[in-house]
Amino acid sequence: MDRLDALKSIAAQAGRGELAFPTHVNATLKLQRALSDPDCHVEEAARLVQAEPLLAARTVAIANSAAYNRAGNDVTNVRAAVQRVGFRTLGALAASVIVRQLASGVTDPLLRAKADQLWQHSANVAALALVIARRVSFVDPDTAMFAGIVHEVGGFYLLSRAAEFPGLLDGGADEWIEYGQVDIGRGVLLKLGVPGPVMDAIEALWNGMRALPPETLGDTLMLAKDLAPIPSPLLERPGFSPAQANATIDFAVGDGTLALILQESEEEVRSLVNALN
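Residues numbered from 1 in each chain as written. Predicted model: local features only at pLDDT ≥ 70, side-chain atom pairs only at ≥ 80, totals over all residues. Heavy atoms only, no water.

**Examining the nonpolar core**
General note: in soluble globular proteins, nonpolar side chains tend to be found buried as a group.
Line of reasoning, step 1. Counting residues in hydrophobic clusters, the biggest one holds 100 residues, and the most contacted among them are Leu35, Ile149, Val150, Leu168, Ile184 and Val188.
Line of reasoning, step 2. The element best represented in this core is helix α6 (residues 109–137), accounting for 15 residues.
Line of reasoning, step 3. Ignoring sequence-local partners within four residues, the contact set of Val188 consists of Leu19, Phe21, Leu102, Val153, Gly154 and Tyr157. (Core = buried A, V, L, I, M, F, W, Y, C linked by side-chain atoms within 4.5 Å. Buried < 20%, exposed > 50% of the residue type's maximum accessible area, 1.4 Å probe, protein only. Helix = DSSP H or I, 4+ residues; strand = E, 2+ residues; numbered from the N terminus. Contact = heavy atoms within 4.5 Å.)

**Let's talk about the environment of Glu52**
Line of reasoning, step 1. Relative to the elements of secondary structure, Glu52 occurs in the loop between α3 (42–50) and α4 (53–63).
Line of reasoning, step 2. Residues Glu52 and Met222 lie 170 residues apart in sequence; the distance between their C-alpha atoms is 31 Å.
Line of reasoning, step 3. Beyond its immediate sequence surroundings of up to four residues, Glu52 is in contact with Thr28, Leu31 and Gln101.

**Here we look at the packing of aromatic side chains**
Line of reasoning, step 1. Enumeration according to the criterion identifies two aromatic pairs in this entry.
Line of reasoning, step 2. Ring geometry for Phe21 and Tyr157: centres 5.9 Å apart, planes at 70°, overall edge-to-face. Note that Phe21 is positioned in the loop between α1 (3–15) and α2 (23–35) and Tyr157 in helix α8 (residues 153–161), a separation of 136 residues in sequence. We note that Phe21, like Tyr157, is buried. (Phe/Tyr/Trp six-rings, centres within 6.5 Å; stacked < 30°, edge-to-face > 60°.)

Below, the structure written as C-alpha cells:
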C-alpha cells in the first residue's frame, strides 16, 4: 500500500469509528467519562484523579499556575486542586492526558520529534485560547483551553499509526489537509466524546472561517492557533513561516490592543504551557 492509499485507508477507518487506541488510552477514556458524570462529587473526582499519576500532577500544576492562582497561594494536594480548577478544566486535563497517550508508543526518532512538536503546538494554542477567551472574545475560557488541547488530536492518532506505514508522512501538509485532517480528526473527536460546541469550533478552524476581533469559540481557537509560536509539524511547508507572518496580527480591544494583552498575559501563558507539559 502506497503512502496516499494508507492515509486514505486510515481516514476511512476513522470515519467509520474503527479506531485502534492503546489500552491505556481506553482506560483514561473511562476516567474522563466518570469525571463528566454530573453526579460525580469533588471527593470522588479527587480519588479518580489520584489514581492517574500524570493527571494528578498536571491538575496540581494547573491549579498553581498564574492563570488559576491569582493570589499566589499554592495548593499541595489533589482535592484542593480539583476544587480550584473545577470540573470543566479537569475534563480538559483528562483530554490532555489522552492526547499525549495516543503518541506515547511512537519510538521512531523522527516521528517522536513530530509528536513532541505537535504537543508543544497544542499546549501553546490551549494557553493562548484561554487568555484570548478571558480578555478578548469573552467565551468560556475552560472550553477554549479544552478546544486548544484537542484540536490536533487527529494528528496524534495519525502519528500513532505511522510506524505501520513507512513514509506515511512524507507527503507533507497538502496531503494531510486534503485526505486526513478532517476525517481522522472528526473520528477521533467523536470517539473522545468531545462536546458539540468544541466540535463546531474545530470544524470552523478546518473551514478557515474567522472574524477579527474574535467573537466565537471558533474565532478564538483559530486566532490562538495563528499566534502559537510553535507550528504544527503536520502543516509546515518548506520556506513558509506562518508563525512569523501571524506575529503581526493586532487590533483594538477596548482601551488597548491584542498585542498589549498578550504582553501582559505572557507569564500566564508560559505558566499554563509549563503546567500542561
